[in-house]
Amino acid sequence: MQYTIKAPGLLRQTIKLPASKSISNRALIIHALSGSKILPKNLSDCDDTAVIIRALSEMPETIDIKAGGTAMRFMTAYLSVLEGHSHVLTGTERMKHRPIKLLVDALRYLGADIDYLGETGYPPLRVTGCRLKGGMLEMPGNVSSQYISALLMIGPTLENGLTLRLTGNIISRPYIDLTLSVMHQYGAKAEWSDIDTIQVSPTPYQVCDYYIENDWSAASYWYEMMALSQNEDDEIRLEGLVDGSRQGDSSVRYIFSLLGVKTSFDTTEAGKPTTVTLRRSGRGVPRLEYDFVNSPDLAQTFVVCCAVMGVPFHFRGLSTLKIKETDRINALIFEMRKLGYVLREGDGTELIWSGERCEPSLEEGINTYEDHRMALSFAPAAFRIDGLKINNPGVVSKSYPRYWDDLRQAGFEIVPA
């Protein structure tokens with residue numbers, strides 16, 4: 001399947017964003033550990049959350065989490081403390097090449113019974129649940145925060161709790177804080193006891209009536225559209241976002257202010273979902289430098305947006321992009337060349353565009369590499385790129401299933417081929 005996309009002349013629409021995938025997946029694991037029968041409200045309807053819901057409700061011997069990296073990591077930790085149960089965790093071919101050794105080593109150190117069923121260090125896994133004592137554990141801080149979150153969430157169930165010390169540079173700290181925030185809502189006692197150490201006491205989770213806010217990551221693509229549109233009368237209203245959200249990608253509002261997008265909230269009542277209005281605020285910066293170490297999922301949005309706007313950039317903190325659904329650094333370099341932009345990689349953690357152009361080659365279309373964020377971030381470029389084509393557009397179901405419907409609602413012409 002391929003979509004050809006044409007942007008509207010006027011962008012004025014109210015969009016109900018999907019619920020946060022990051023919060024949904026955390027809340028589901030903690031909900032299961034609490035023994036609650038009340039599902040969290042406003043759960044995400046994306047693929048990654050669906051596989052966790054299905055796994056927790058059906059608990060088959062073989063659990064296929066498909067392409068859900070978060071699901072693989074969170075379920076590995078969850079199953080390790082599910083006493084008396086043994087399950088196989090598997091996924092797509094790409095998932096079988098995404099590393100999980102650091103998490104498995106950490107869980108084994110705590111006493112978990114986990115075996116590799118294929119290549120050492122990668123799924124599939126057999127996880128046999130047992131009682132874990134917990135205690136002191138060290139782990140590198142510059143790895144995926146999902147490893148850290150997976151360990152933290154099982155901390156309250158461990159006999160001695162968990163003291164987790166993170167060594168080296170700590171990346172994606174907002175995602176760790178998001179995990180702690182959801183844990184607190186369910187009654188856990190878990191805090192930073194030092195700049196690099198988190199203490200989780202063996203205090204059981206409590207049943208909680210939990211409501212999930214909408215997704216700031218999904219909002220980023222509407223910010224991108226506003227930055228790329230060229231009509232001063234454009235206005236987008238995004239429902240269900242929270243001012244002061246713990247979501248790391250809520251930083252999108254500040255970064256896009258540098259590119260001429262103004263954000264206003266209908267209300268700023270702490271912790272309450274509201275409607276956010278996006279408007280153009282004038283000229284942005286001539287060049288953008290930013291470290292995405294705390295919000296790597298925004299990188300694709302800003303790479304596409306800045307280049308198409310003609311704003312040279314130097315983006316750092318991108319080390320985790322290589323172990324996502326695809327090697328996002330290589331994918332961005334290759335696909336941006338199709339649009340006529342020559343990007344340069346810096347030591348595996350940086351992407352740089354100095355303004356260098358090449359001849360575009362749009363006919364083949366933008367490949368999405370089974371990566372939802374490739375489709376989500378490239379589609380807004382239709383405001384500046386005539387005849388933009390997106391290949392395998394269905395990948396958006398991983399995080400934003402209604403994306404194409406929302407674009408049509410906003411006036412985009414989307415023609416399947």
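The structure under discussion appears in the preceding block.
Here the structure is a predicted model, which means the values were calculated and not measured. (Residues numbered from 1 in each chain as written. Predicted model: local features only at pLDDT ≥ 70, side-chain atom pairs only at ≥ 80, totals over all residues. Heavy atoms only, no water.)

Colleague: Before we go on, may I ask you to explain the environment of Glu191 in this structure?
Modeller: Examined against the element boundaries, Glu191 turns out to sit in strand 9 (residues 190-194). Placed 28 residues apart in sequence, Glu191 and Thr163 show a C-alpha to C-alpha distance of 9.9 Å. Apart from the residues within four sequence positions on either side, Glu191 is in contact with His184, Thr197, Ile198 and Gln199. Polar contacts involving the side chain of Glu191 include one to the side chain of His184, which spans 3.5 Å. (Helix = DSSP H or I, 4+ residues; strand = E, 2+ residues; numbered from the N terminus. Contact = heavy atoms within 4.5 Å. Polar contact = N/O pair within 3.5 Å; in protein donor to acceptor, adjacent residues only side chain to side chain.)

Colleague: Mind showing me how you'd approach the state of the cysteines here?
Modeller: Structurally, a disulfide amounts to a covalent bond that connects the sulfur atoms of two cysteines. Applying the stated criterion across every chain, the model contains 0 disulfides. No disulfide involves Cys305; its sulfur sits 5.7 Å from that of Cys306, the nearest cysteine. Taking the relative accessible area as the measure of exposure, Cys305 reaches 0% and is therefore buried. (Disulfide = S-S within 2.5 Å. Buried < 20%, exposed > 50% of the residue type's maximum accessible area, 1.4 Å probe, protein only.)

Colleague: Looking at this structure, how should I read the packing of helix 1 (residues 21-34) against helix 5 (residues 145-154)?
Modeller: When two helices pack together, their arrangement is given by the angle between their axes and by how far apart the axes lie. One can describe the packing of helix 1 onto helix 5 by two numbers: an axis separation of 10 Å at closest approach and a directional angle of 25°. By the angle class used here, helix 1 and helix 5 are roughly parallel. Crossing of helix 1 over helix 5 shows right-handed handedness. Contacts between helix 1 and helix 5 involve Arg26, Ile29, Ile30 and Leu33 from the first element and Ser149, Met153 and Ile154 from the second. (Axes fitted to C-alpha atoms, helices over the stretch in contact; angles between N-to-C directions. Parallel < 35°, antiparallel > 145°, perpendicular 65-115°, else oblique. Left-handed = near helix turned anticlockwise from the far one by under 90°.)

Colleague: How should the packing of aromatic side chains be read in this particular structure?
Modeller: How two aromatic rings sit relative to each other is given by the distance of their centres and the angle of their planes. With the rule as written, the count across this model stands at 15 aromatic pairs. Ring geometry for Tyr341 and Trp353: centres 5.4 Å apart, planes at 80°, overall edge-to-face. With Tyr341 in the loop between helix 10 (328-339) and strand 16 (344-346) and Trp353 in strand 17 (residues 350-353), this residue pair connects regions lying 12 residues apart in the sequence. You can call Tyr341 buried: its relative accessible area is 5%. (Phe/Tyr/Trp six-rings, centres within 6.5 Å; stacked < 30°, edge-to-face > 60°.)

Colleague: Hey, could you run me through the sheet that holds strand 17 in this one?
Modeller: Working definition: the strands of a sheet are paired by backbone hydrogen bonds and lie parallel or antiparallel to each other. As summarised here, the arrangement of the 4 strands in space is 14-15-17-16, forming an open sheet in which the pairing is mixed. Every other strand in the sheet has two partners, leaving strand 14 (288-291) and strand 16 as the edge strands with one partner each. Pairwise comparison of adjacent strand axes, ignoring direction, gives a mean angle of 15° for this sheet. Sheet strands touched by helix 9 (residues 299-309): strand 14, strand 15 (313-316) and strand 17. Its angle to strand 15, the strand with the most contacts, is close to 170°. (Pairing = 2+ DSSP bridges.)

Colleague: Just to check I follow, could you spell out the side chain of Thr326 for this structure?
Modeller: Counting through the fold element by element, Thr326 comes out in the loop between strand 15 and helix 10. The residues touching Thr326, leaving out its near neighbours within four places in the chain, are Arg94, Leu321, Ala331, Tyr369 and Asp371.

Colleague: Quick question: what am I supposed to make of helix 10 here?
Modeller: Its 12 residues give helix 10 an end-to-end C-alpha distance of 16 Å, which sits within 8% of 16 Å, the value for a rise of 1.5 Å per residue. All buried positions along helix 10 are accounted for by Arg328, Ile329, Ala331, Leu332, Glu335, Met336, Lys338 and Leu339. Against helix 9, strand 16, strand 17, helix 11 (372-378) and strand 18 (388-391) lie the buried residues of helix 10. Positioned one or two residues after helix 10, Gly340 has a phi angle of 100°, which is positive. (Expected span 1.5 Å × (residues − 1).)

Colleague: So what exactly am I meant to see when it comes to the nonpolar core here?
Modeller: If you look at soluble globular proteins, the nonpolar side chains tend to sit buried side by side. Ranked by size, the top nonpolar core spans 73 residues in total, and within it Trp222, Phe302, Tyr403, Trp404 and Phe412 carry the most contacts. Considering every element that reaches this core, the biggest residue donor is helix 7 (residues 216-228), with 10 residues. Excluding its chain neighbours within four sequence positions, the residues that come into contact with Phe302 are Val252, Ile255, Phe256, Leu259, Leu288, Phe292 and Phe315. Counting 65 residues, the second-largest nonpolar core is a separate cluster that includes Val104, Leu110, Tyr116 and Leu166. (Core = buried A, V, L, I, M, F, W, Y, C linked by side-chain atoms within 4.5 Å.)

Colleague: What should I look at first to understand unusual backbone geometry in this one?
Modeller: As a rule of thumb, non-glycine residues mostly have phi less than zero, and peptide bonds are mostly trans rather than cis. The peptide bond linking Pro123 to Pro124 adopts the cis configuration, its omega dihedral lying at 5°. Tracing the backbone through its elements, the reader meets Pro124 in the loop between strand 5 (113-116) and strand 6 (125-128). Positive phi, normally seen in glycine, also occurs at Ser172, with a value near 55°. As for its position among the elements, Ser172 is in the loop between strand 8 (162-167) and helix 6 (173-185). The exposure class assigned to Ser172 is buried, which follows from its relative accessible area of 4%. A positive phi angle, close to 50°, is found at Asn392, a residue other than glycine. Mapped onto the secondary structure, Asn392 falls in the loop between strand 18 and helix 12 (403-409).

Geometric values such as these leave the question of function open.
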